[in-house]
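So you can see what is in the structure, the chains are spelled out below.
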Amino acid sequence: MIIKDERDLSAPIVEPREVTTPAVWMTNNENSNFQDFLRRYRKIRDANAHFELRNALIEHFWEEYTNSED
């Protein structure tokens, strides 16, 4: 199998651009950072909030589409 080199030899060479270094925070108390992570994770994974939002969405769809003129 022959593969043709499709590179344009007359194309200008692109120099890499400098990128700013991202901010990195060092911590002395890893436990507090981990506890903050767990608190946010539990808030996201809250089953009660999930079911409340799901039921509200179902009720919204029910009201929206049962009252339509179709």
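This report concerns the structure included in the present document. The structure presented is a predicted model; accordingly, all values stated were derived computationally and were not measured.

## Remarks on the overall build of the chain
Right, on to step 1. Secondary structure summary: the chain contains two helices and zero strands in total.
Right, on to step 2. Expected size for 70 residues packed as a compact globule is a radius of gyration near 11 Å; at 28 Å, the chain overshoots this value by more than 25%.
Right, on to step 3. Structurally, the chain occupies a C-alpha span of about 65 × 55 × 30 Å along its principal axes.
Right, on to step 4. Out of the 70 residues in the chain, the part that is buried amounts to 1%.
Right, on to step 5. Split by element, the accessible area of the chain, about 8,200 Å² in all, is 55% carbon and sulfur.

## Focus on the packing of aromatic side chains
Right, on to step 1. Tallying each qualifying case throughout the model produces three aromatic pairs.
Right, on to step 2. When the centroid spacing of 6.1 Å and the interplanar angle of 25° are considered together, the rings of Phe37 and Tyr41 count as stacked. In this pair, Phe37 and Tyr41 both sit in helix 1 (residues 30–44), four residues apart, roughly one turn of the helix.
Right, on to step 3. Its relative accessible area of 42% is what places Phe37 among the partly exposed residues.
Right, on to step 4. On the basis of an interplanar angle of 40° and a centroid distance of 6.1 Å, the ring pair of Phe61 and Tyr65 is categorised as tilted. Linking Phe61 with Tyr65, this pair stays in helix 2 (residues 47–66), spanning four residues, or about one helical turn.
Right, on to step 5. On the basis of relative accessibility, which here comes to 40%, the residue Phe61 falls in the partly exposed class.
Right, on to step 6. Among the aromatic residues, those joined into a ring-pair cluster are Phe34, Phe37 and Tyr41.

## Quick look at the pattern of salt bridges
Note on pairing: side chains with opposite charge can pair once their charged atoms come close.
Right, on to step 1. Overall, the coordinates contain one salt bridge when judged by the stated rule.
Right, on to step 2. The residue Arg39 makes a salt bridge to Asp36 at a minimum N-O spacing of 3.7 Å. Of this pair, Arg39 and Asp36 both sit in helix 1, three residues apart, which is roughly one turn of the helix.

Quick notes on the rules
Residues numbered from 1 in each chain as written. Predicted model: local features only at pLDDT ≥ 70, side-chain atom pairs only at ≥ 80, totals over all residues. Heavy atoms only, no water. Helix = DSSP H or I, 4+ residues; strand = E, 2+ residues; numbered from the N terminus. Rg over C-alpha atoms; globule rule 2.2 N^0.38 Å. Buried < 20%, exposed > 50% of the residue type's maximum accessible area, 1.4 Å probe, protein only. Areas by Shrake-Rupley, 256 points an atom, 1.4 Å probe, with all protein chains shown as cover. Phe/Tyr/Trp six-rings, centres within 6.5 Å; stacked < 30°, edge-to-face > 60°. Salt bridge = Lys/Arg side-chain N within 4 Å of Asp/Glu carboxyl O.

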